[in-house]
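Overview (structure and organization)
Single-letter residue listing:
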Amino acid sequence: MSLFQVCVVGTFSLALCKGLHLLLRRQHHIDLDGPEGGHWLLGNVTRLFEGGIDYCVDIVDKYGGAVRLRGPYGDLIYLADPRALYHMVVKDQHMFEETDDFIMSNKLIFGDGLVGTVGEQHRRQRKLLSPLFSISNMRRLLPTLGPIAERLTSTLTAQLPADGSHKEIDVLPWLSRCALDGICQCILGYPSNSLSAAADDPYVEALMMVGPLISNLHLLRRFVVVVNRYCSPYWATKVLDLVTAPWIPTQLMKNVRELRRIAETMDSASRKAFAVKKAAVEAEDTLCEDAHSTPSMMDIMLKANSRSSNTDRLTDAELFGQMNVMVFAGLDTTTAALARCIYLLSKNPHIQARLRSEIRDAMMSSRDQENDDIPSAGLPYDVLINLPFLDGVVKETLRLYPSFPFMLRKTIKSTTLPVHFPVHTRAGVETSTITMPQGSHTIISILAANRHKGIWGDDADEWLPERWLAEAQEADVSFDGEDVSVSKRSVGVKDGVRFPAVYSNMMTFLSGNRSCVGFKFAEMEMKKVLATLLPRLHFALPTDANAEGHVKEIQWKLFAFHAPVVKAPAGDGVTHQVPLNVRLVREDDFKW
């Protein structure tokens, strides 16, 4: 071993020791009731993933909206109480920040984008980005999504038998390609054409792989903090060179090497695309008054930034970071939501038929078409967004199955949080406040909040799109005597209490200064794809047995994202896939 390798190994060993020291510290003791037992090192927090959705919801039903769990670095709080979450993500959000490992790892992969910044820098970025996702801009982008949704429908249709019978198709990769094309074209103005491209695009390949790899490597985020904190940039790079060396054969290190390759590919391609966009905007060639040209969100962002004051203007590094963040934030989340939605429609054919009928009726009314003539042109924006049952299907799917089931927060300064629903201490004493030590960590359970029976009712765990068809009602909502503006819909409001949210009283897109700025685009893309697919294609669960007589059964595993797999023995339980029986629509498929 050379002197250089000795130095690198020594540096890595020091970082590893520091990491283990941080991981093994148990300095925070939370005085809340919660489940006991668990792994000697990792604690019982891993049960959230092992037990899946049922466990994540059951512990709130059993212990209340604030539960003590044990993690690798001590006690932490599992939170799903509306008042406590209002204080954490809205009223007192300055006292609760994203964890260091989340910020640092995102910064390494995506640069200085929204998910890699905090404080004043984050505020400046949100100030620029939030207006970009206005309703007026969504209207301008919808025509760009239309051809992409049509291409997806044509691609699936071309694979079907001519006699009208069904064929089993794994729809997940096609939905992913559709989501990628929509994001690249609308957000970046980059024609990825992944639905129709014959040759593989390295940039497109990298974008499709980054999400699953981040999910697989999330436990390494803590070591990223250690390396960045105790190593200079030079030695941090050397440590990275060491752990990504090809002579380390483990699958974990292979994943790290692959993530590094993907990050470098994204960086190279994104810089080229950014340079082209910036040059075009500076030459005023992009946002010209051309009725036939639809600017992308990147075009609009660059133009808006050029008009900002010196104090609010973002650097090129920050603008470049937004490109990577917007693609990553929208790709896997939209794909997972669309796949889950179509899977649920396949399980519930009467709901699929009702939705299909509503879409066709809207097309007939909007375009004044004959019954047997399904127009290729899509619905206008206002009609598409306000279709009642389509709205219910999308909202109910996003409520029950948020793409990001959990978020982490670190307490900056010791404080207390009030809870709406009383919880119990370790000694069994009922309390309406919980103590938050400085440096303690909280898991915000978006999953459990969206299924809280005290707010959503006893049927909170059921997928019922019709719950959103109730008449709009005004709801007076307050937190600690402060008036808070809410959706006019009464769904998700109980006795004037609701969860803090930017979208329909659910926490899927969070709230406060870390809420998702692009939720309007995600909603529009989901509705556009569904409204294009369903009038022409029928989806059902697999029914054909394999050579061993086993029928495929889809299972959704819970990781950083929801991951669909096929259960053994028909599948390997690992490969992400959503195989469904697909066929052309018949007239009786509109009857419900």
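Residue positions are counted from 1 within each chain, in the order its sequence is given. Selection of residues for local features in this predicted model requires a pLDDT of at least 70, selection of side-chain atom pairs for listing and counting requires 80 or more, and totals for whole chains, interfaces and linings are taken over all residues. Just so you know, side-chain values use all the structure's heavy atoms and leave hydrogens and water out.

**Comments concerning the overall build of the protein chain**
The helix count covers DSSP runs of H or I at least four residues long, the strand count covers runs of E at least two residues long, and both are numbered beginning at the N terminus. A count of helices and strands for the protein chain gives 20 helices and 14 strands. When each of the 592 residues of the protein chain is scored for burial, the buried share is 54%. Considering only intrachain contacts with a sequence separation of at least 6, the fraction spanning at least 24 residues in the protein chain is 73%. Areas reported as accessible are Shrake-Rupley estimates using a 1.4 Å probe. Residue values count occlusion only from the protein chains shown. Accessible surface, the protein chain as shown: approximately 25,600 Å² in total, 54% of it carbon and sulfur. Here's how the labels work: a residue is buried when its accessible area is under 20% of the maximum for its type, exposed when over 50%, partly exposed in between, all with a 1.4 Å probe on protein chains only. Should any heavy atoms of two residues lie within 4.5 Å, those residues are counted as being in contact.

**Overview of the confidence of the model for the protein chain**
Looking at the protein chain, the pLDDT average stands at 86 and 86% of residues meet or exceed 70. A low-confidence stretch, residues 369–376 stays under pLDDT 50, and its non-local contacts, those more than four residues away or across chains, total 17 contacts. Segment residues 483–487: pLDDT under 50, and twelve contacts once partners within four positions in sequence are set aside and those in other chains are kept. In predicted models, pLDDT denotes the confidence assigned by the predictor to each residue on a 0 to 100 scale.

**So, the packing of aromatic side chains**
Working definition: an aromatic ring pair is given by the centre-to-centre distance plus the angle between the planes. Here a pair means two rings of Phe, Tyr or Trp (six-membered ring of Trp) with centres within 6.5 Å. Their orientation is stacked below 30 degrees between planes, edge-to-face above 60, and tilted elsewhere. A complete count under the given rule lists eleven aromatic pairs for this structure. Seen in terms of ring centroids, Phe-49 and Phe-406 are 5.7 Å apart; in terms of plane orientation they differ by 85 degrees. Their pairing is edge-to-face. With Phe-49 in helix α2 (residues 47–50) and Phe-406 in strand β5 (residues 406–411), this pair connects stretches of sequence that are 357 residues apart. Where Tyr-503 meets Phe-509, the ring centres are 5.3 Å apart and the plane angle is 85 degrees; that geometry is what we call edge-to-face. Grouped by ring-pair contacts, the aromatic residues Phe-110, Phe-328, Phe-404 and Phe-561 constitute a single cluster. The lysine or arginine in question, Arg-271, covers the ring of Phe-320, its NZ or CZ lying 4.4 Å from the ring centre. One Lys or Arg, Arg-354, reaches over the ring of Phe-389 and ends 4.3 Å from the middle of that ring. Only when the NZ of Lys or the CZ of Arg is both within 6 Å of the ring centre and within 35 degrees of the ring normal is a charge said to sit over the ring.

**A word on the sheet that holds strand β8 (residues 441–445)**
Between any two strands, pairing holds if DSSP finds at least two bridges. Overall, mixed pairing links the five strands, which are arranged β1-β2-β8-β5-β3 in an open sheet. Each of the sheet's edge strands pairs with one partner strand only, and the pair in question is β1 (66–71) and β3 (96–97). As paired strands, strand β2 (residues 74–79) and β8 are joined by four bridges and run parallel to one another. Within the sheet, the bridge partner assigned to Leu-79 lies in β8 and is Ile-444.

**A closer look at helix α14 (residues 316–347)**
The first and last C-alpha atoms of α14 sit 47 Å apart over 32 residues, in line with the 46 Å expected at 1.5 Å per residue. For α14, the buried fraction is high: 28 of the 32 residues fall into the buried class. A helix's residues, less one, multiplied by 1.5 Å, set its expected span.

**Thoughts on the nonpolar core**
Counting residues in each nonpolar core, the largest one holds 150 residues, and the members touching the most others are Leu-48, Tyr-78 and Phe-521. By residue number, the principal contributor to this core is α14, which donates 16 residues. When neighbours within four sequence positions are excluded, Leu-48 is seen to be in contact with Tyr-55, Cys-56, Ile-59, Leu-69, Tyr-78, Phe-406, Ile-443 and Leu-558. What we call a nonpolar core is a set of buried Ala, Val, Leu, Ile, Met, Phe, Trp, Tyr and Cys residues that are connected through their side-chain atoms within 4.5 Å.

**Re the packing of helix α9 (residues 202–216) against α14**
To get an axis, fit a line to the C-alpha atoms, keeping to the stretch in contact for a helix; angles then go from 0 to 180 degrees between the N-to-C directions. Running from amino to carboxyl end, α9 crosses α14 at an angle of 75 degrees, the nearest separation of the two axes being 9 Å. Comparing their axes, α14 and α9 come out roughly perpendicular. When α9 is examined against α14, the residues Leu-207, Met-208, Val-210, Gly-211, Pro-212 and Ile-214 are found in contact with a partner set consisting of Val-327, Phe-328, Leu-331 and Asp-332. Residue polarity follows a fixed list, in which Ala, Val, Leu, Ile, Met, Phe, Trp, Tyr, Cys and Pro are nonpolar, Asp, Glu, Lys and Arg are charged, and the others, Gly among them, are polar. The class makeup of the residues in the contact of α9 with α14 is eight nonpolar, one polar and one charged. Reported orientations rely on four angle classes, namely roughly parallel under 35 degrees, roughly antiparallel over 145, roughly perpendicular from 65 to 115, and oblique for the rest.

**Some remarks on the sheet that holds strand β11 (residues 537–540)**
The strand order across the open sheet built from three strands is β4-β14-β11, with neighbouring strands paired in antiparallel fashion. Only two strands of the sheet have a single partner each, and these edge strands are β4 (167–170) and β11. The mean inter-strand angle of the sheet, taken between neighbouring strand axes irrespective of direction, is 40 degrees. Bridge count between β11 and strand β14 (residues 579–584): four bridges; the pairing is antiparallel. Residue His-538 lies in a different strand from β14, and its bridge partner there is Arg-583.

**Observations concerning the environment of Val-243**
Mapped onto the elements of the fold, Val-243 is located in helix α11 (residues 233–243). Along the chain, Val-243 and Val-256 lie 13 residues apart, while their C-alpha atoms are 7.7 Å from each other.

**Here's the deal with the packing of helix α12 (residues 251–282) against α14**
At a minimum axis separation of 10 Å, α12 and α14 run at an interaxial angle of 115 degrees. Our pair here, α12 against α14, has a crossing hand that is right-handed. Seen from α12, the contacting residues are Met-266, Asp-267, Ser-270, Arg-271, Ala-273, Phe-274 and Lys-278; seen from α14, they are Asp-316, Leu-319, Phe-320, Met-323 and Asn-324. Handedness of a crossing is defined here by the sense of rotation of the near helix relative to the far one, left-handed for an anticlockwise turn of less than a right angle and right-handed for a clockwise turn.

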